[in-house]
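Geometric and topological summary
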Amino acid sequence: MLFNSYIFIFIFLPLTLIGFFSLNHFKRYEMAKLFLALMSLWFYAYFNTYYLSIIVGSILANYLLSYIISKFENRASTNKTLRKTIFLLLGIALNLSIFIYFKYLDFIIENINILFSSHFRLHNILLPLGISFFTFQQLSFIIDRAKGTAKHYGFINYVTFVTFFPQLIAGPIVLYDEMMPQFEDEGNKHFNIDNFSRGIILFVFGLSKKVLLADVLAGAVNYGFSQALFLDTTSTLLMILAYTFQIYFDFSGYSDMAIGLGRMFNINLPVNFNSPYKACSVKELWQRWHMTLSRFFIKYVYIPLGGSRKKRARTLFNIFMVFFLSGVWHGANWTYIAWGTMQGLLVVWDNLGIVGVKGSNDKIKSKIEMPRWLGWILTFGFFNISLIFFGSDSIKTSLQLFKNIFRFHNTGYLPKLAANINIPELYIVSKFIDMKMPQYNNTLYVIIFILLLIISALIIRGKNSLEISNSSKLSTKTALLVSFLLVWCIISFSQVSTFIYFNF
């Protein structure tokens, strides 16, 4: 079930809100959490009932392991360290084996076949939605359970924590210690008009990003990647710029909607995006982009590897591994590994302290300092280029797009690229020009495409959704704006698409 769908907005969400707060009103607190968990499982199973058995199996296996750990916690033993190590390895093996089987098995077999000229059969495993997110959620919990830093929770609490529908499919990646206390808080069990109102504002802003911007740009982007062989310098650069905006509006739009939905239920989900395209260094960008994934890797990879406690070379290696594994996490394709490697090398470069940005809060003193505007141009430019790997379906396509940048001749594909932007609101205008002035049709599409990119650039340079929703007064003016955007989005649902991060 998509957030940007009629069934979600007009049926699922009202039913879930009414049922949850009604049960809490009558002090049926455990039933309210169970109801929320069951509705979340319906939300998940709506995509494919096959997925339901996977997430339920994962929940049961992790909860059983947590229960077993609880039985040993209070026993006197001289081998507590060994016991913790065994449970830690069991927890990691349990979650990563499920994760690797569904996400990477065919990729591993395919590469073994290429490398050794073997003929092992591919399993063509269907990737369950959100497996990267709910696996990491449970992995963080079970690691801390094995270490003895997290307590064992009741089954309904645990299921609600894992399945809470706003963040179930594409994050933010939440941790048990920020979620469990909120579900237990007496003050969160009753309807709060202020939280609900601000939740709606944030949800509609996120929905607008997705429907009115990301989905509109997607037509040109998808066409561009599929026609990589024929694009010239201009069309390649504009297509990648459009993809840079599309992926931000798509993913940050989902995060805004998730956080907004959480607030409607009086649950504060962690911030996942903080205007990353305003960053003046790659290191700063990753402090602002997909922040909960970075948090997970810092806590469960970077620090266990030694963090910054080791020698300089080891610290840089630890940093690189975080981004390399982030690339692997995103998908079973060499393009994601190349993308993660590129990000890792860029962040390592930032940490070498050779070149820095004036006025930066970075603790590393740089030998050469450049103005912030130049740092922003380089950071935004490098991130654009790196997304060539991220958006391509193969390394071959990526290399072709890099080659296109240096073509320096016109293949005439810019109007074709621009023509794939689908803006229903301009349908009548485009048809009128088709009939009366067909010679200007290509020019119109290019102008609209460039205007859309300019609008996107202006939006990312302004306040982000969280800043606007937190500072907005709950006034009639705000209500009218939100209502207008919501109606506009609902009318545009005819061209909806799934979120990009559903694939991860």
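Residues numbered from 1 in each chain as written. Predicted model: local features only at pLDDT ≥ 70, side-chain atom pairs only at ≥ 80, totals over all residues. Heavy atoms only, no water.

1. Brief notes about the overall build of the chain
Helix and strand counts for the chain come out as 21 helices and two strands. The C-alpha radius of gyration computed for the chain amounts to 24 Å, which stays within 12% of the reference 23 Å derived for 504 residues, consistent with globular compactness. For the C-alpha atoms alone, the extent of the chain along its principal axes is close to 80 × 55 × 55 Å. Split into buried and exposed, the 504 residues of the chain put 54% on the buried side. As displayed, the chain has an accessible area near 23300 Å², and 67% of this comes from carbon and sulfur atoms. (Helix = DSSP H or I, 4+ residues; strand = E, 2+ residues; numbered from the N terminus. Rg over C-alpha atoms; globule rule 2.2 N^0.38 Å. Buried < 20%, exposed > 50% of the residue type's maximum accessible area, 1.4 Å probe, protein only. Areas by Shrake-Rupley, 256 points an atom, 1.4 Å probe, with all protein chains shown as cover.)

2. So, the packing of aromatic side chains
Following the criterion strictly, the structure yields 67 aromatic pairs and no others. Aromatic pair phenylalanine 8 and phenylalanine 43: ring centres 6.0 Å apart, planes at 65 degrees, arrangement edge-to-face. With phenylalanine 8 in helix H1 (residues 6-25) and phenylalanine 43 in helix H2 (residues 29-45), the pair connects residues that are 35 residues apart, well separated along the chain. Aromatic side chains phenylalanine 43 and phenylalanine 165 sit 5.7 Å apart centroid to centroid with 50 degrees between the ring planes, which places their arrangement in the tilted category. (Phe/Tyr/Trp six-rings, centres within 6.5 Å; stacked < 30°, edge-to-face > 60°.)

3. Examining helix H19 (residues 441-461)
Here H19 is 21 residues long and its end C-alpha atoms lie 31 Å apart, about the 30 Å a rise of 1.5 Å per residue gives. Asn441, Leu444, Tyr445, Val446, Ile448, Phe449, Leu452, Leu453, Ser456 and Ile460 are the residues of H19 that are buried. (Expected span 1.5 Å × (residues − 1).)

4. Things to note about the pattern of salt bridges
Under the criterion given, the structure shown has nine salt bridges. One salt bridge connects lysine 33 with glutamate 30, and the closest N-O pair in it is separated by 3.0 Å. You can see lysine 33 and its partner glutamate 30 sitting in helix H2, three residues apart, about one turn around the helix. Its relative accessible area of 41% is what places glutamate 30 among the partly exposed residues. Of the charged contacts, one joins arginine 288 and glutamate 284 as a salt bridge, the two residues approaching to 3.1 Å between their closest N and O atoms. Residue arginine 288 shares its accessibility class with glutamate 284, and that shared class is buried. Shared partners join several salt bridges into a network, and the residues in it are Glu30, Lys33 and Glu184. (Salt bridge = Lys/Arg side-chain N within 4 Å of Asp/Glu carboxyl O.)

5. Focus on the nonpolar core
By size, the foremost hydrophobic cluster in this structure holds 146 residues, and its most contacted members are Phe8, Phe165, Phe203, Phe265 and Phe449. A total of 17 residues in this core trace back to one element, the largest contributor, which is helix H9 (residues 193-226). Beyond its immediate chain neighbours, meaning those up to four positions away, phenylalanine 203 contacts Phe3, Phe8, Ile9, Asp256, Met257, Gly260, Leu261 and Met264. (Core = buried A, V, L, I, M, F, W, Y, C linked by side-chain atoms within 4.5 Å. Contact = heavy atoms within 4.5 Å.)

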